[in-house]
Amino acid sequence: MMQGNWTVVNEFVLVSFSSLSSQLQALLFLLFLTIYLVTLMGNVLIILVTTADSALQSPMYFFLRNLSFLEIGFNLVIVPKMLGTLIIQDTTISFLGCATQMYFFFFFGAAECCLLATMAYDRYVAICDPLRYPIIMGRRACGQLAAASWFSGFPVATVQTTWIFSFPFCGPNRVNHFFCDSPPVIALVCADTSLFELEALTATVLFILFPFLLILGSYVRILSTIFGMPSAEGKRKAFSTCSSHLLVVSLFYSTAILTYFRPRSSNSPESKKLLSLSYTVVTPMLNPIIYSLRNSEVKAALRRAIHGTLGFGNYDLDGN
């Protein structure tokens, strides 16, 4: 639609992986569809097991359940549209659809950063102050921490999305990404965005870097406490309770920080797509796998659930 001497943008075109051949796009569709289904099934399984099993009612598993809900939401926002662009070349997305996708991407992303920091605090209290752990991490405190983590996504999502889509888009509408992320969309704006970019940097520091520093500080204290334990068995048990979370944090933050804190000159659109795939598609799939394979309590709960479903009754989990 023309208005004055410029065009009002009513829809965007996601460039996605259009530069690849149709055969390669079909292979990517099968790969991402498989990852998507594994992600949904794995996180739903974590939610069901940690809800139903009486041995998994500690704060750690309450927060893990919340993380799985976040991962499912994160995937539902990004992956279905990406699959559509690959298999039926449905690359257009409406103005409102793009804004909605960006809003929930910000919401789930900020909430996950804060929740990972909350999970690190939980491990810090459990290992560094075990006698007061039941008091500090009571049910009410856990509920408040989880609610605060979820709520943290609203202000950043509302401010960022509203500000971006209040700018005029008056020409190109091709978003060089597989979803409506902030940098490729703001590149299409035909106005001065310097103030917004300063605000976006501030929000990135608050919702990515600050939680990361809290996690880092928690693990410095945790590792200091573990290395100070007299027995090797105590060290092993203490480290095993936080190793899964530490691995999940490393996967998520390494790609997120590389994506949003690298200089623009070294951040090509193709490398940004690859990094974005890591934390929007691959990491949500790996999280339930990591917690299932590296956590003995979750593995035991999964075996109990399988044996109960198959009707083995009181079958010995050690195979006897």
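Just above, that's the structure.
Residues numbered from 1 in each chain as written. Predicted model: local features only at pLDDT ≥ 70, side-chain atom pairs only at ≥ 80, totals over all residues. Heavy atoms only, no water.

Ordered by their spatial adjacency, three strands build an open sheet running β4-β3-β5, and the pairing between neighbours is mixed. Each edge of the sheet is formed by a strand with only one pairing partner; in this case those strands are β4 (92-94) and β5 (174-175). Across the face of the sheet, helix α3 (residues 95-128) comes into contact with β3 (11-14) and β4 while running at roughly 85° to β4. (Pairing = 2+ DSSP bridges. Helix = DSSP H or I, 4+ residues; strand = E, 2+ residues; numbered from the N terminus. Contact = heavy atoms within 4.5 Å. Axes fitted to C-alpha atoms, helices over the stretch in contact; angles between N-to-C directions.)

What follows deals with the packing of aromatic side chains. By convention here, two paired aromatic rings are described through the distance between centres and the angle between planes. With the rule as written, the count across this model stands at 25 aromatic pairs. Note on Phe95 and Phe169: the rings are 5.9 Å apart at their centroids and 80° apart in plane angle, and the pair reads as edge-to-face. With a gap of 74 residues between them, Phe95 in helix α3 and Phe169 in the loop between α6 (153-164) and β5 connect regions that are remote in the sequence. Accessibility expressed as a relative area gives 26% for Phe95, which makes it partly exposed. A residue is classified by how much of its surface remains accessible, and Phe169, at 3% relative accessible area, is buried. (Phe/Tyr/Trp six-rings, centres within 6.5 Å; stacked < 30°, edge-to-face > 60°. Buried < 20%, exposed > 50% of the residue type's maximum accessible area, 1.4 Å probe, protein only.)

Counted according to the given criterion, the structure contains two disulfides. Each sulfur of the disulfide joining Cys98 and Cys180 lies 2.1 Å from the other. Between Cys98 and Cys180, the S-S torsion sits near -120°, and that sign places the bridge as left-handed. Pair noted here: Cys98 is in helix α3 and Cys180 is in the loop between β5 and α7 (182-186), with a separation of 82 residues, a long-range link. Each sulfur in the disulfide pair Cys170 and Cys190 lies 1.6 Å from the other. With Cys170 in the loop between α6 and β5 and Cys190 in the loop between α7 and α8 (194-227), this pair connects stretches of sequence that are 20 residues apart. On the basis of relative accessible area, Cys170 is assigned to the partly exposed category, the value being 22%. (Disulfide = S-S within 2.5 Å.)

What follows covers the packing of α6 against α8. For the pair α6 and α8, the least separation of the axes is 11 Å and the interaxial angle reads 160°. Looking at the two axes, α6 sits roughly antiparallel to α8. Here the hand of the crossing between α6 and α8 comes out left-handed. Between α6 and α8, the residues in contact are Val156, Val159, Gln160, Trp163 and Ile164 and Leu195, Phe196, Glu199, Ala200, Ala203 and Phe207, respectively. (Parallel < 35°, antiparallel > 145°, perpendicular 65-115°, else oblique. Left-handed = near helix turned anticlockwise from the far one by under 90°.)

Attention now moves to unusual backbone geometry. The phi torsion of most residues other than glycine is negative, and most of the peptide bonds are trans. Here the phi dihedral of Ser16 falls at roughly 50°; this positive angle occurs in a residue that is not glycine. Along the polypeptide, Ser16 turns up in the loop between β3 and α1 (22-52). At Gln89, a position not held by glycine, the phi torsion is positive, near 55°. Along the chain, Gln89 falls in the loop between α2 (59-87) and β4.

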